[in-house]
Number of protein chains: 4
Amino acid sequence: MIRVTIWNEYLHEQESKKIAAVYPKGIHNALAEGIRGDGLEIATATLEEPEHGLTEERLKNTDVLIWWGHKGHLRVEDAIVDRVQQRVIEGMGLIVSHSGHKSKIFRKLMGTSGSLKWREVGEKERLWAVNPSHPIVKGVGPYIELEHEEMYGEHFDVPEPLETVFISWFAGGEVFRSGITYQRGQGRIFYFRPGHETYPTYYNKQVLQVIGNAVRWAAAANPSEVVYGKVPPLETLN
Amino acid sequence: MIRVTIWNEYLHEQESKKIAAVYPKGIHNALAEGIRGDGLEIATATLEEPEHGLTEERLKNTDVLIWWGHKGHLRVEDAIVDRVQQRVIEGMGLIVSHSGHKSKIFRKLMGTSGSLKWREVGEKERLWAVNPSHPIVKGVGPYIELEHEEMYGEHFDVPEPLETVFISWFAGGEVFRSGITYQRGQGRIFYFRPGHETYPTYYNKQVLQVIGNAVRWAAAANPSEVVYGKVPPLETLN
Amino acid sequence: MIRVTIWNEYLHEQESKKIAAVYPKGIHNALAEGIRGDGLEIATATLEEPEHGLTEERLKNTDVLIWWGHKGHLRVEDAIVDRVQQRVIEGMGLIVSHSGHKSKIFRKLMGTSGSLKWREVGEKERLWAVNPSHPIVKGVGPYIELEHEEMYGEHFDVPEPLETVFISWFAGGEVFRSGITYQRGQGRIFYFRPGHETYPTYYNKQVLQVIGNAVRWAAAANPSEVVYGKVPPLETLN
Amino acid sequence: MIRVTIWNEYLHEQESKKIAAVYPKGIHNALAEGIRGDGLEIATATLEEPEHGLTEERLKNTDVLIWWGHKGHLRVEDAIVDRVQQRVIEGMGLIVSHSGHKSKIFRKLMGTSGSLKWREVGEKERLWAVNPSHPIVKGVGPYIELEHEEMYGEHFDVPEPLETVFISWFAGGEVFRSGITYQRGQGRIFYFRPGHETYPTYYNKQVLQVIGNAVRWAAAANPSEVVYGKVPPLETLN
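Bear in mind the structure is a predicted one, so any value in this text is a computation, not a measurement.

In terms of regular secondary structure, chain A is built from seven helices and 10 strands. Taken along its principal axes, the extent of the C-alpha atoms in chain A is 65 × 40 × 35 Å. The 238 residues of chain A split such that 59% are buried. Of all intrachain contacts in chain A linking residues separated by at least 6 positions in sequence, the fraction that spans at least 24 positions is 70%.

Our focus in this paragraph is the interface of chain B and chain C. Tallying the contact residues gives 39 residues for chain B and 39 residues for chain C. Looking at the side of chain B that touches chain C, the elements with two or more residues in it are α6 (104-110), β5 (117-129), β8 (175-184) and β10 (229-230) of chain B. If one sorts the elements of the side of chain B that touches chain C by residue count, β5(B) sits on top with six residues. In terms of residue class, the side of chain B that touches chain C is made up of 16 nonpolar, 12 polar and 11 charged. Of the strand pairs in this sheet, β5(B) and strand β10 (residues 229-230) of chain C are connected by two bridges, and their pairing is parallel. Bridge pairing in β10(C) links B:Trp118 to C:Lys230.

Let us now look at the relation of the copies chain D and chain A. The two copies are related by a screw operation: chain D maps onto chain A through 180 degrees of rotation and 0.0 Å of translation along the axis, at an RMSD of 0.0 Å. The transformation relating the two chain copies, once decomposed into turn and shift, fits a two-fold axis. Residues of chain D ranked by C-alpha distance from the rotation axis are headed by D:Gly111, positioned 2.8 Å from it. Interface residue correspondence from chain D to chain A reaches 100%, placing this contact among same-surface, isologous pairings.

Time to look at helix α3 (residues 27-35) of chain A. Within the span of α3(A), buried status applies to A:Ile27, A:His28, A:Ala30, A:Leu31, A:Ala32 and A:Ile35. Residues of α3(A) that are buried in the fold lie against β1 (2-8), α1 (12-15), β2 (40-46), β3 (64-68) and α7 (205-218) of chain A.

A common way to express how large an interface is: the accessible area buried when the components associate. With 39 residues of chain D in contact, the opposing surface of chain A contributes 39 residues. The set of elements that each furnish at least two residues to the side of chain D that touches chain A consists of α6 (104-110), β5 (117-129), β8 (175-184) and β10 (229-230) of chain D. Among the elements that make up the side of chain D that touches chain A, the one with the highest residue count is β5(D) (six residues). Residues that form the side of chain D that touches chain A fall into these classes: 16 nonpolar, 12 polar and 11 charged.

Turning chain B through 180 degrees and shifting it by 0.0 Å along the axis lays it on chain C, with an RMSD of 0.0 Å. In this assembly, 100% of the residues forming the interface of chain B have copies in chain C that are likewise at the interface, indicating an isologous arrangement.

As a further point, take the packing of helix α3 (residues 27-35) of chain B against helix α7 (residues 205-218) of chain B. All names here are of chain B. Between α3 and α7, whose axes approach to 9 Å, the crossing angle comes to 80 degrees. On the basis of their axis angle, the class for α3 and α7 is roughly perpendicular. Contacts between α3 and α7 pair Leu31, Gly34 and Ile35 from the former with Leu208, Ile211, Gly212 and Val215 from the latter. Looking at the contact of α3 with α7 residue by residue, the classes come out as five nonpolar, two polar and no charged.

A few words on the environment of C:Gly195. Residue and element names in this part refer to chain C. Locating Gly195 in the fold gives a position in the loop between β9 (187-192) and α7 (205-218). Residue Gly195 is classed as buried on the basis of its C-beta count, with 22 C-beta atoms lying within 10 Å. Taking the C-alpha atoms as reference points, Gly195 and His98, separated by 97 residues in sequence, lie 5.5 Å from one another. Beyond its immediate stretch of four places on either side in the chain, Gly195 contacts Trp68, Ser97, His98, Thr201 and Tyr202.

This part covers the environment of D:Val4. All names here are of chain D. On the secondary structure map, Val4 appears in strand β1 (residues 2-8). Considered as a pair, Val4 and Thr44 are 40 residues apart in the sequence and their alpha carbons are 8.2 Å apart. If we skip the residues at most four places from it in the chain, Val4 touches Leu40, Glu41, Ile42, Asp63, Val64, Ile66 and Val215.

About the criteria used
Residues numbered from 1 in each chain as written. Chains lettered and ligands numbered in written order. Predicted model: local features only at pLDDT ≥ 70, side-chain atom pairs only at ≥ 80, totals over all residues. Helix = DSSP H or I, 4+ residues; strand = E, 2+ residues; numbered from the N terminus. Buried ≥ 20, exposed ≤ 12 C-beta atoms within 10 Å, placed from the backbone. Contact = placed C-beta atoms within 7 Å. Nonpolar A, V, L, I, M, F, W, Y, C, P; charged D, E, K, R; others polar. Pairing = 2+ DSSP bridges. Least-squares fit on C-alpha atoms with pLDDT ≥ 70 in both. Axes fitted to C-alpha atoms, helices over the stretch in contact; angles between N-to-C directions. Parallel < 35°, antiparallel > 145°, perpendicular 65-115°, else oblique.

The structure is reproduced here in C-alpha cells:
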C-alpha cells in the first residue's frame, strides 16, 4: 500500500468563481479522485490547516507527497518546508506540479531559482515522451496533447535532470523540459509541468496516468537506515 | 592550436544541381570557411578519398573531428569506423552533424540505433538554449531560428545525454533534443541537429558560432596516457 | 512473471578441476539456484549451444538477460551480439557480470573499451552502497564484504554512469565503480563487478540479493512500441 | 584574467597552536600562494570580516569562489549565504573544500544534508582519477596519495554528481566520492574532499594542481543574461 498525501494551497478555488467552476472541490480532491486506484491510500492537506496539514505524524505516514502551490508560496512556513525536505532526504517521494516550480520546497531541493518564461493565453501544449520506457510514461503513448494550457518556456533554471521524461511543445513557439526526475537524499522527485488552475488539466486521462505512474515510481525507492558520523576503522591501518 | 578535420561524405553536392547550388564547394568547405578563426587549423576529408581521408596519420593529428554523412553511411568501412572510435576513446573530440545520427560511428559510440522521426517540408525550426552558460552556447543568445529546415522529432534513440544544451521546436508540432553532449573514453562528443543539405544552414552565423564553440569545448578535454591491464599491489595486502 | 535468461560461456568450469569444484554445475546454474524466487522464471544458455542458446525465440521471451563471459568473448558471433543489442534497445534488461566488462555486447552498448586494471591475488573487496535507497541495494546494508576476490581498479573505461550504486574498496589499494546503471534504447543495464570464477562469490547471500534486485529493477522498465521514420505534420505549418 | 576569492573561516589557525604551526598565515593564504599563477587574480576573505568579507562588491568581482569552513558553519549569516547562492546561479564558480560538505552554502546548493562518515586518525588516502581527461585532472596522473588525512566515508548525502572525477581509497577500509562536479543555475561547482586543518594537504603539489585546474574549469562557463517572466507569443497561435 502506497500512502499518498496530496497537498494543495487551495486558494484559487476558494477565491475565484471561475476556477471553482473547474475544480469545485479543489485541485487536491480532483487529483485524489483522478488517481484513485489499487494500492494507493490517499489523503489531502492544505495551506490553511494547522501546520499546513503537514504535521510530523502526517509526513511520517506519507510515502509520496504531491505538491500544488502558486500564490501562497511565501505563506508556507520555513519550518514546514524544512520538515518536508527532511522527509524527502529520508526517502519520501515528491511530485511537484506546475507552478510549484517556484515553491520553497522545490527551490530548496534543487538549489536553483526555478525561474522560467511564461504566457497565459490558453495555447496548445503537446508533451512528448522522450524516454518511452520510463515507468512514468507507462500507458501514455508518444505524446499528451492539451488544447489549452499556460505556457512555460526555457530557460528553466533547474539542475541538469537525472532523466528527462517529457519535453513540451507550445503553439506559441517555445519548448520546456516538462517532466524531469531528480533524487535528493533517498527520495525520488518528479517535476511535472501541466496543471494551470484555470484549465481542466487534472481531468485529462493521460495527465492522471502520468501522475499515478509517478507516484508508483517514486514509491519504488527503498529507503534504508543510514548511519552517519564518527566511525571506528574497519581495517588495521597500514 | 586546435587541429580540426571536417569530414563530409560529399555525395549530395556532386550528384544534385540543386544542392550544389547551395554548397558549391561542398558542405565541408562551407563549414571550414564558416568556422575559420583564431587558434584553429582546419583540414577536410571525404568519403571517396583513400581510407575516406581518415588515415592513421590524419587522425593522429586531429584534435576534433566534425562528421557530416547521410546517404553514404553504409559505404564507410568498418575498419575506419573502428579507427575513429579508437581515437575518440584516446581523447579526440567528435562533432556529429544532422543526419550523422545514423552514421556508423555515432551508433557505435552511443550503443543505440540513433532512430528518430523526420519530415522534409522546409518548416521553421527554433533551437532553444536550455543551458545558457554552457561554453557551446557562448555568444548565441536565447535561441537560433532557422526559417527552413528538415524536421527531426522525438523519440530520438540516444542514451540520456550528459548535458542537454539545445532543444528544438518545429512549426509542425514536434520537439527534439538537438544539442547534446556525451563523453566516451577520454573524448568529448557533441551531436548538433541542424544542417540539412538542401538549406543554407551552414551559412547561418549562429549555427557556425555553435560549431566553433563546440570545437573549442571538445578540445578542452585533457587526454592523458592511461595504463590498463595487470598491476602489482600498491599496499601490503591485509 | 519476469522471464530471466542466465547466459554463461561455461568454459572455465569444464576445463579446470579447481573451478569445477567451486561451480560443479556451472556459474549459470549456481546463479539460477541462488536467485530463484517469487515471480522469476529462469532459463539458462551457454556459448556452445546452437546460436549460443540465444535464438530469436529465446530472446523474444526474455525480459532480463544476465551475462557471464571471459575467455570466450571473441567466440561469441557478431550476429548474436547484434541480436542481443537489438533486444536491449527494444527494452530487454541486461545484467553484465564481472569479466563481462570486455564482452562484445557490453562494449557495443557502452561505446567504450571497457578496459581496467586488474590483479588476481585473492584480496579482500568491500563494495560500498553509495545510493542506499536504490532498488538494487534493497536489503543489502551499507556494504558487502568478500574475503577473496580478483581486484579490478580504476580507470574503468565506461561512460559516466546514469547512477553509481556501488563503489569497491580493495585491500591492495584500489577503488572501482562496481555497480553502475545505464539505459540504452528502452532497456536498462546494470554492470556488477564481483564474480571471479575461482571464488564462491555467487553463493554469497548479499551478492545474490543484489543480482535478484537488479533483475527486478531492470524489468521495471516499460517498453512500448515506438514509431520512427517519416511522419506527416501534426500542425498546419506556419 | 580569472578573479578568484578564497574564503576561509580562519578560526582553527587562530585558536590552535598546532594548526597555526601548519598554516601560520591561515589556510586561505596557503591556498593563495599555492595556486598563484598566470591568469589568476586572487583575493581572500574570512568569517570575521564585515559581511564575512563577501560584500556585494566583492562577489560581483569574483569569477570563482573557494570555500573552506568547518566549526564556524552556523556563524555564517543566512543573508550572505543567499547572496553567494545568487551569484552561483548567475554564473560564479564555486569550489567547496573538505569540511565545507556541511557548510550552509553547499547544502543550500545541493538540497541534501551533506552528511557522511568520518574518522580522524591520520590514515592514508589515495584519490583515484576516474575521469582522466577531465580538465580538473590535468597534470595530476592516475592518483594522488596523501600519507595522513582525515577519513570521509560513504554514504555521502549529495545528489548524483554530473561527473565523478576522483574517488578516494582509505587505509581504514572506506571509499568516498572525493571530486565531484555539479551545475546550479549558470555556475559550475566542484567539491574536493581533502584538506583537513591538521595536515599539510594544501602544500601538496597535486592537490594544488587540482584546485588550480578546478578554478580554470569553473571559470570556463559562459554566463549570459537570461530573461525570465512573462513573454509575448513568438508565433501566431494555432
